[in-house]
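Descriptive analysis of the structure
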Amino acid sequence: MYRPLIRNRITIYFIVITGGALLFLGLYTLYAFKEYSEKNFIDSMFIHARYSRDVLYGESPDIRQRDRLNTLAFNLGDSMGLDIEVIGQSGAVIAASRPRSANAGQLEKSEVASALTGNFGWDIRPDDTGQKTAFVAVPFTISPPYQAVVRVSQPAEELYGQFAGLARAIAAAFLVALFLAAWLSVRLAKRLVRPLEEITDSAAKMSAGQLDERIHYKGDGEFALLSHVLNNLAANLSQKIHETSAEKQKLELILQNMDNPVLLFDKNGRVSAANRHGQQLFGPNLLGQHQLAAIGSSVLDTAIRSVQDNSVAKSTTLKLTFNGLKYIFQVFVASLPAGQNILCVFHDITALQNIYEKQMEFVANASHELATPLTAIRGFSETLLDGGLGSTATNIKFIKIIHEESERMQRLLADLLRLARLDAADYRQAIALSPIAAEGLLEEVLEEFSNQCQHKNISLSIDYQRQPGSLLANRDWLKQALVNLTENAVKYSPEGGKIMLTYDADDACATFSVSDSGLGIAPENLPLVFERFYQVDKARVKGNSGGTGLGLAIVKSIVEMLGGTVKVESRLKIGTTFSFTVPLNKILVSS
Ligand code: ADP
């Protein structure tokens, strides 16, 4: 709440000015009246004094005829209603219209002293009885030549009574005028300030955020201009706020929906803002925490300090562990112009790094796998070339090994080539998934492995749980997956084993399974069998020189490319079932 300062001031100033003017006018009127009345009073007394002197002089009284003088003075005084005295040079009263109590010492009276020097003199003062009296004295030459003074006096109470009456009237008028002025000034101040108060009220609402508020001032002049300016200000401000909040919303939307965690640190290294992703990763209680407590990375702390000191943005790599998961981040650290706030944008490069590491591992594994047969080929061929040619049987054995190892290399290279194609994003996208008939696919596979199965006395059969329908797939790759699984089933089944190829389907997809009654896979190895180059035990199958460790990895890649999933169930020494899904060609199925 504010004090109505201007209104009060206007009121006070108006009252003071009006009151001052009225007071001055009243006092001046009183003074002028007093001057005028006194002058008139004294002037008329001078006329009487001169007249008295002339009468006294005309009668040529002698100073020695005191009785005569007294009689004359008495008659004159009586006729004019005044007291008349004749005062001698010594200051003694020579004659008087009525007997006086103090006759000497009149020289001290100013009017007497003045008249004795030949001038007129007057004074108003209390007389011997204490009554306010006007005295007027004129010089008077009396015979024998003697300088005297004729003094007339008259009570001035009436005169001052008039003054007092006038003063009371003026004071009453002054008070009434002052009251009127006060009343008028309050009204006037209110009237003057009302537009300002209205504008102030509206401006207060605007400043409180009600930017739709407008000042409706009807008049013109300064207040109209002020209203116009304030209305424009509010309109512009409202528009700017709308623009800014739209911009802010946009930024927030971008920030909140960014895949990257984004954190803002204040100059003390505490988290002042975080987007949704940042809070999900680093925890909801992140705000207000110091970086070291929230993220706990000394590397990031050093980077933040360096950016704070140099104001040069930098990028750093962080390795962090959250909830037992390892993350690798490329963090972009930059200082914001406002204060010493630091912006950190985290790029999760864990997957990229993993791919990079896997590629490295893959190259190392591939090199190793290729080096093994190559070393054998080189060794045996060098032995043959160095004259190690012995019996035909030995030569044939050596050449057979060289042949087997080169075949193994060929298989390995073929598998690597398949994987390379499956890994290539362009190839995966370009490969057309077209409707194919599942009918006959399993028969073809069965046909291809019938010889091998006969050799190992393995029974290979097909079980159709549903009538084979139309699939959305690539026939060659689908067959490759079935071949790889059947090849493994044959490879890891003992003589006399049993292999079953199964077809099943639900509304959405077809499921192919290859079950065998072979060695089985230990539970701890199961999650690893789809890894590239992973082999449970290279020597587990007698005479197995053909394994590359890539067969199941190729199956997984194929199935994923076709939009399905692969799984394995196995029990040691009982058997293994690999199964995968392929989407059905729904258009054909429903028609
Ligand atoms: P490989 O060329 O060695 O067969 P795969 O990727 O095809 O490589 O298989 C990976 C490993 O999984 C094999 O080394 C084998 O130990 C195990 N495996 C695959 N299929 C079977 C199966 N049907 N029965 C038992 N073990 C299997």
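This text follows the structure it describes.
Everything numeric in this text was worked out from a predicted model, so none of it was measured. (Residues numbered from 1 in each chain as written. Predicted model: local features only at pLDDT ≥ 70, side-chain atom pairs only at ≥ 80, totals over all residues. Heavy atoms only, no water.)

Side chains of Phe 14, Val 176, Phe 179, Leu 180, Trp 183, Leu 184, Leu 188 and Leu 192 sit close together on the surface and give an oily, nonpolar patch of about 790 Å² of accessible area. Top element by residues in the nonpolar patch is helix H4 (residues 157–207). It accounts for 7 residues. Examined against the element boundaries, Leu 184 turns out to sit in helix H4. (Patch = residues over 30% accessible without salt bridge, like charges linked within 9 Å, V, L, I, M, F, W, Y side chains within 5 Å. Areas by Shrake-Rupley, 256 points an atom, 1.4 Å probe, with all protein chains shown as cover. Salt bridge = Lys/Arg side-chain N within 4 Å of Asp/Glu carboxyl O. Helix = DSSP H or I, 4+ residues; strand = E, 2+ residues; numbered from the N terminus.)

Turning to the site of the ligand, a few remarks are in order. Not every one of the 20 residues close to the ligand is listed here, only the nearest: Asn 488, Tyr 492, Asp 516, Gln 535 and Thr 548. Measuring from an oxygen atom of the ligand, one finds a backbone N or O atom of Val 536 at 3.3 Å. The element that contributes the greatest number of residues to the shell around the ligand is helix H13 (residues 475–491), accounting for 3 residues. Grouping the amino acids of the shell around the ligand by side-chain chemistry returns 9 nonpolar, 8 polar and 3 charged. (Near = heavy atom within 4 Å. Polar contact = N/O pair within 3.5 Å; in protein donor to acceptor, adjacent residues only side chain to side chain. Nonpolar A, V, L, I, M, F, W, Y, C, P; charged D, E, K, R; others polar.)

The full count for this structure, using the stated rule, is 15 aromatic pairs. Where Phe 24 meets Tyr 28, the ring centres are 6.1 Å apart and the plane angle is 20°; that geometry is what we call stacked. With a gap of 4 residues between them, Phe 24 and Tyr 28 both fall in helix H1 (residues 5–58), about one helical turn apart. Ring centres of Tyr 327 and Phe 329 lie 5.7 Å apart, and the angle between their planes is 10°; on these two criteria the pair is classed as stacked. This pair shows no difference in class: Tyr 327 is buried, exactly as Phe 329 is. (Phe/Tyr/Trp six-rings, centres within 6.5 Å; stacked < 30°, edge-to-face > 60°. Buried < 20%, exposed > 50% of the residue type's maximum accessible area, 1.4 Å probe, protein only.)

This brings us to the sheet that holds strand E15 (residues 509–516). Pairing is mixed across the open sheet formed by 5 strands, whose spatial order is E12-E14-E15-E17-E16. For this open sheet the edge positions go to strand E12 (459–464) and strand E16 (566–571), each flanked by a neighbour on one side alone. Direction aside, neighbouring strands of the sheet carry axes that sit 15° apart on average. Pairing of E16 with strand E17 (residues 575–583) involves 6 bridges; the strand directions are antiparallel. (Pairing = 2+ DSSP bridges. Axes fitted to C-alpha atoms, helices over the stretch in contact; angles between N-to-C directions.)

The subject of this paragraph is the nonpolar core. Of all hydrophobic cores here, the largest spans 51 residues; its most connected members are Leu 471, Leu 478, Ile 499, Tyr 503, Phe 512, Phe 578 and Phe 580. The dominant element in this core, judged by the number of residues it contributes, is H13, at 8 residues. With residues up to four places along the chain from it excluded, the contact list for Ile 499 reads Ile 458, Ser 459, Leu 460, Ser 461, Ala 489, Val 490, Ser 493, Val 514, Ser 515 and Asp 516. (Core = buried A, V, L, I, M, F, W, Y, C linked by side-chain atoms within 4.5 Å. Contact = heavy atoms within 4.5 Å.)

Turning to the layout of surface pockets, a few remarks are in order. Volume-wise, the second largest pocket comes out at about 700 Å³. If you go around the second largest pocket, you meet 21 residues; those closest to its centre are Lys 358, Phe 362, Asp 423, Arg 532 and Ser 557. At the level of secondary structure, the elements contributing two or more residues to the lining of the second largest pocket comprise helix H9 (350–385), helix H10 (392–423) and helix H14 (551–561). For the lining of the second largest pocket, the element with the highest residue contribution is H9, accounting for 6 residues. Looking at the lining of the second largest pocket, its residues break down into 10 nonpolar, 3 polar and 8 charged. (1 Å grid on protein atoms, 1.4 Å probe; cavity = no way out; pocket = protein on both sides within 12 Å on 5 of 7 lines; lining within 4 Å. Points joined across faces, edges and corners; volume = space filled by probe spheres on them.)

The next point concerns a positive patch on the surface. Together, Arg 187, Lys 190, Arg 191 and Arg 194 make up a region of like positive charge exposed at the surface. In this fold, Arg 194 is placed in helix H4. (Lys, Arg positive; Asp, Glu negative; His and termini not counted. Charge placed at Lys NZ, Arg CZ, Asp CG, Glu CD.)

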